[in-house]
2 protein chains.
Amino acid sequence: MYEIVRDAVEERNFKKVKEIFSTMNEADIADLIQGFHDNREAEAKDISLLFRLLPKDTAAEAFAYMDSDLKELLINSFTNTELQEIIDDLFIDDTVDLIEEMPANVVKRILAAADPESRRQINMILKYPEDSAGSIMTTEYIYMKADTTVKETLEKIRSLGWVKETVYTIYVTSQDRQLVGVLSILDLLTSDDDELVGDIMDPNVITVETHEDQEIVANKFLKYDFIALPVVDNENRIVGIVTFDDAMDVAEEEVTEDFAHMAAVEPSEESYFKTSVFAHARNRIVWLLVLMLSSTISSVIIGHYEAAFATVPLLVASIPTLTGTGGNCGSQTSTMVIRGMSLGEIELKDFFKVVFKEFRISLIVAVILGAVNFGRICIQYRSDPEVLKLALCVSLAIVAAVVMSKLIGCILPMAAKAVKIDPALMAAPFISTIVDASTTLVFFNIALIVFDIKL
Amino acid sequence: MYEIVRDAVEERNFKKVKEIFSTMNEADIADLIQGFHDNREAEAKDISLLFRLLPKDTAAEAFAYMDSDLKELLINSFTNTELQEIIDDLFIDDTVDLIEEMPANVVKRILAAADPESRRQINMILKYPEDSAGSIMTTEYIYMKADTTVKETLEKIRSLGWVKETVYTIYVTSQDRQLVGVLSILDLLTSDDDELVGDIMDPNVITVETHEDQEIVANKFLKYDFIALPVVDNENRIVGIVTFDDAMDVAEEEVTEDFAHMAAVEPSEESYFKTSVFAHARNRIVWLLVLMLSSTISSVIIGHYEAAFATVPLLVASIPTLTGTGGNCGSQTSTMVIRGMSLGEIELKDFFKVVFKEFRISLIVAVILGAVNFGRICIQYRSDPEVLKLALCVSLAIVAAVVMSKLIGCILPMAAKAVKIDPALMAAPFISTIVDASTTLVFFNIALIVFDIKL
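These figures come from a predicted structure and were not determined experimentally. (Residues numbered from 1 in each chain as written. Chains lettered and ligands numbered in written order. Predicted model: local features only at pLDDT ≥ 70, side-chain atom pairs only at ≥ 80, totals over all residues.)

The helix and strand inventory of chain A stands at 24 helices and six strands. When the 455 residues of chain A are sorted by exposure, 46% land in the buried category. By sequence separation, contacts in chain A at least 24 residues apart represent 70% of the contacts at least 6 residues apart. (Helix = DSSP H or I, 4+ residues; strand = E, 2+ residues; numbered from the N terminus. Buried ≥ 20, exposed ≤ 12 C-beta atoms within 10 Å, placed from the backbone. Contact = placed C-beta atoms within 7 Å.)

Once that is clear, we can look at the domain arrangement of chain A. Taken domain by domain, chain A consists of domain 1 (2–127), domain 2 (142–243) and domain 3 (295–450). A C-alpha centroid distance of 53 Å is found between domain 2 of chain A and domain 3 of chain A. (Domains from an automatic or database assignment.)

With that out of the way, let us pick up helix α18 (residues 296–304) of chain B. Among the residues of α18(B), Thr296(B), Ser298(B), Ser299(B), Ile301(B) and Ile302(B) are the ones counted as buried. Contact partners of the buried residues in α18(B): α20 (314–317), α21 (319–342) and α22 (351–380) of chain A together with α17 (277–294) and α24 (428–450) of chain B.

What follows deals with the relation of the copies chain A and chain B. Superposition of chain A onto chain B requires a rotation of 180° combined with a translation of 0.0 Å along the rotation axis, giving an RMSD of 0.1 Å. Taken together, the rotation and translation describe the operation of a two-fold axis. (Least-squares fit on C-alpha atoms with pLDDT ≥ 70 in both.)

Turning our attention to the sheet that holds strand β5 (residues 228–232) of chain A. Residue and element names in this part refer to chain A. Taken in spatial order, the three strands line up as β4-β5-β6 in an open sheet, and their pairing is mixed. Only two strands of the sheet have a single partner each, and these edge strands are β4 (208–209) and β6 (238–243). Here β4 runs beside β5; their pairing, made up of two bridges, is parallel. The residue bridging Val208 from the neighbouring strand is Val231, located in β5. Contacts from helix α15 (residues 214–224) reach β4, β5 and β6, with the element oriented near 140° to β5. Seen against the sheet, helix α16 (residues 244–262) touches β5 and β6 and runs at an angle of roughly 65° to β6. (Pairing = 2+ DSSP bridges. Axes fitted to C-alpha atoms, helices over the stretch in contact; angles between N-to-C directions.)

All names here are of chain B. Pairing in this open sheet of three strands is mixed, and the strands run β4-β5-β6 from one edge to the other. What marks the edges here is a single partner per strand, and that holds for β4 (208–209) and β6 (238–243). In this structure, strand β5 (residues 228–232) lies alongside β6, joined through five bridges in antiparallel fashion. Residue pairing in the sheet places Leu229 in a bridge with Val242 of β6. Along the sheet face, helix α15 (residues 214–224) touches β4, β5 and β6 and points at about 140° away from the line of β5. Strands β5 and β6 of the sheet are contacted by helix α16 (residues 244–262), whose axis makes an angle of about 65° with β6.

To continue, consider the packing of helix α23 (residues 387–418) of chain B against α24(B). Two quantities define a packed helix pair, namely the angle between the helix axes and the distance between the axes. Residue and element names in this part refer to chain B. Two elements in contact, α23 and α24, have axes separated by 9 Å at closest approach and are oriented at 150°. The angle between α23 and α24 places the two elements in the roughly antiparallel class. Note on packing geometry: the crossing formed by α23 with α24 is right-handed. Between α23 and α24, the residues in contact are Lys389, Leu392, Cys393, Leu396, Ala397, Ala400, Ala401, Met404, Ser405, Ile408, Gly409 and Leu412 and Ile431, Ile434, Val435, Ser438, Thr439, Val442, Phe443, Ile446, Ala447 and Val450, respectively. Per-class residue counts for the contact of α23 with α24 are 17 nonpolar, four polar and one charged. (Parallel < 35°, antiparallel > 145°, perpendicular 65-115°, else oblique. Left-handed = near helix turned anticlockwise from the far one by under 90°. Nonpolar A, V, L, I, M, F, W, Y, C, P; charged D, E, K, R; others polar.)

What follows concerns the interface of chain A and chain B. Accessible area lost upon the coming together of the parts is a frequently used measure of interface size. Contacts between the two partners involve 95 residues from chain A, matched on the other side by 96 residues from chain B. Here the side of chain A that touches chain B gets 15 residues from one element, more than from any other, and that element is α21(A). Classifying every residue of the side of chain A that touches chain B gives 53 nonpolar, 28 polar and 14 charged.

If you look at the biggest cluster of nonpolar residues, it comprises 265 residues, and the most contacted ones within it are Val242(A) and Val242(B). Those residues within four positions of Val242(A) in sequence are excluded, and the remaining contacts are Ala133(A), Ile136(A), Met137(A), Val208(A), Val217(A), Ala228(A), Leu229(A), Val231(A) and Ala247(A). (Core = buried A, V, L, I, M, F, W, Y, C linked by C-beta atoms within 7 Å.)

This paragraph deals with the environment of His261(B). The residue His261(B) is located in helix α16 in this model. Considered as a pair, His261(B) and Pro429(B) are 168 residues apart in the sequence and their alpha carbons are 9.6 Å apart.

What is expected of a backbone is that most residues other than glycine have negative phi and most peptide bonds are trans. Even without a glycine there, the phi angle at Arg177(A) is positive, about 70°. In this structure, Arg177(A) sits in the loop between β2 (169–173) and β3 (179–184). Judged by C-beta crowding, with 16 C-beta atoms within 10 Å, Arg177(A) ranks as partly exposed. One non-glycine residue, Asn236(B), adopts positive backbone phi at about 65°. One can find Asn236(B) in the loop between β5 and β6.

Quick look at the environment of Val265(B) now. For Val265(B), the position within the fold is in the loop between α16 and α17. Put simply, Val265(B) and Asn283(B) are 18 residues apart on the chain and 5.6 Å apart in space, counted from C-alpha to C-alpha. Residues contacting Val265(B), with those up to four places away along its chain left out, are Gln332(A), Met336(A), Ala260(B), Asn283(B), Arg284(B) and Trp287(B).

Attention now goes to the confidence of the model for chain A. Across chain A, the average pLDDT comes to 92, with 99% of residues at or above 70. The complex model carries a pTM of 0.89, and its ipTM stands at 0.88. (pLDDT = per-residue confidence, 0-100.)

Here we take up the environment of Ile170(A). All names here are of chain A. Mapped onto the fold, Ile170 is located in strand β2. In this structure the C-alpha to C-alpha distance between Ile170 and Gly370, which are 200 residues apart in sequence, comes to 62 Å. Residues contacting Ile170, with those up to four places away along its chain left out, are Ile142, Met144, Thr153, Leu183 and Val197.

This paragraph deals with the packing of helix α7 (residues 80–89) of chain B against helix α9 (residues 104–113) of chain B. All names here are of chain B. Viewed as axis vectors pointing N to C, α7 and α9 meet at an angle of 70°, and their least axial separation amounts to 9 Å. Between α7 and α9, the angle is such that the two are roughly perpendicular. Touching Asn80, Leu83, Gln84 and Ile87 of α7 are Arg109, Ile110 and Ala113, all from α9. The class makeup of the residues in the contact of α7 with α9 is four nonpolar, two polar and one charged.

Below, the structure is given as structure tokens:
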């Protein structure tokens, strides 16, 4: 498809492009134009020309799917009237996203293009803290007083002309706009025209509060399978709704952020390829420096026990096995606990339950790893007269490393959560550094005893 | 809520329990009964008694939300008639999930309780490969021939009595059941009664194929924001639909699996607490053993260069810094690449683009880390006469380690994908083990040259 459109553009055969666009989904059109832009296969004026080929009802939706660099390019090519048309057709939450991505001068133009009511709603949403339910909601929803009839409600829906999932659920409010019930468009279709929505609604409404964290909102969607969740203020008045598609985006964003944090990378707002080499390097260097300098502790410990490996050089050869195994055990536990907390399966009140569970798991794992390692060393260094001492020393250290690292691996993420640091930061890299130091310390102390070495 | 219900059950005040249930969402009711079961606060017969207090229209939905152990307990307490009622009310995809979780004797009863048409549909879905679109679809959807009128379609919807999101989209088929278009319930409401669905439908349908991987299906939901996607066979006949809530579950499942694989843990079907200590240990031990034994390579390398650190013992103290930094660099890259591939941002055809990008990032990062480390060693060992040589040697090794590990970190996950191994298995633990060995090798070879040591 991409090649066909590109050829058509080169031949200036815009009629053909228009025809192709009319058979495509808005998200795919956005991808296609984005592709021309990213691959520098079309100049700015050709790109805005392509965009102008879109039917009016498609343009705004395709626009909402584009990356911010392309959006900015297009807005700069729009007249004020064109901009106004797009802003009119965009849903409020998409306009808010747009404003958050654009530089100040573009934002000014966007706000000027919005009608006063939209501007009021935009400003309200922008006031909610980042990553809160209020910041991701939209204000396009249908609410009806409880004494409205089914017929009136259906007429209201028909008159709106939105074609978004936000109209499938109708929210019922009391006289002072408090949310008292909910019903679906299906309930309307299967009820008599003159029934009151207050009589057919479901009064048990699941809501989210404006200040609730977006991760909790996403988890509620996972749990309840709703198309939309109403957002209420602290007096239970409905102020907006979050739709499932935005919740899916949030969930994806949160997971991507967790992955980045767990790999000791500052999360990027953009995709892998959209992030420049310098930005990637910047996002990675800080944690690498911190962790590299922290590893000085391990080197100090090793330096301190020079006498030990001067006497038994083979001790050194076991350091990677010990620190590697400890690091892996720690990252297994921390990953399980971090993921469990993101999904709401593990809560802070489960602290002792988790620690006790990990302790028991670590004992099983430690004994097996210690035993196998004992055998491995006995075989690998069978010609060494002190092989049994070495095997004993390394295996004891493995047992200690496994238990320690599993305990550190569950305690640190939960402690981080308790003090409101992202638990994902307490993952493999951070834990490995701590485990490296503590494992080495324990290892050399065991070695001093087993080989009867004096420092 | 939990405590109130528990007290009511203890007082045998079932009227009160019934009242409370009537104000609750099905997912919350399932949670509550599950809680009684998990905490062993109610006996099996009390739990089935609680379940029987649910109104008929709530029971099946609450049932679908429960964990498999509780489902099995309940089914075993059901009479055949009761089971039949529940199976009748369950959606086909939930019945399929149930069958996949239950032991053979229970499955037999479930299939016997299903009516012949449901049984046919269940068997069809069960035949699709695990994790394919076909295996997660449901067969409850509305399709209409193109020459049906709007009025007839609305009547069909009214007659169904489903209250699920699956009816918001109507699929239009040709005479031979090929999918030719799609329209929403809103299109019906805003059209005249005697218009034909074929005239108001959108002929551009986004579909998924029965054998498509569920991760791709989930990504399509993320991209297109649909409530449901139709599943078609290889002749474009519609055979089912996947709904957004199932796609969200799939996305969550795939991410949890990725997290587990990246931490070298075999994924568990159950939640953290539902997985027993032995199961956790079993899921973790295999990779730990493999990685521990692989680290033997590093120990052989270190053993081989015993002469080097016998001459310059301080070399040993830098091993954790080197392997730690290499491991962190590798896991940063592999995590970014694995996540990018899961989201479809990075494809196999981007191989050289990714390698080149990571190479440039690694150069920037390597130079900074090398320089800082040079300074660190100069300060830490300022009293040592050979401090400059040591600093040079370690810093060169850091530069090499960073570049190598970033390249390994992007090549391995992409190679795994190419040969259809889960790229997530090529994450931190696996890469650290390889990076440990290669970094140590390079380090000692640099040391031999810098300090002019003969082995």
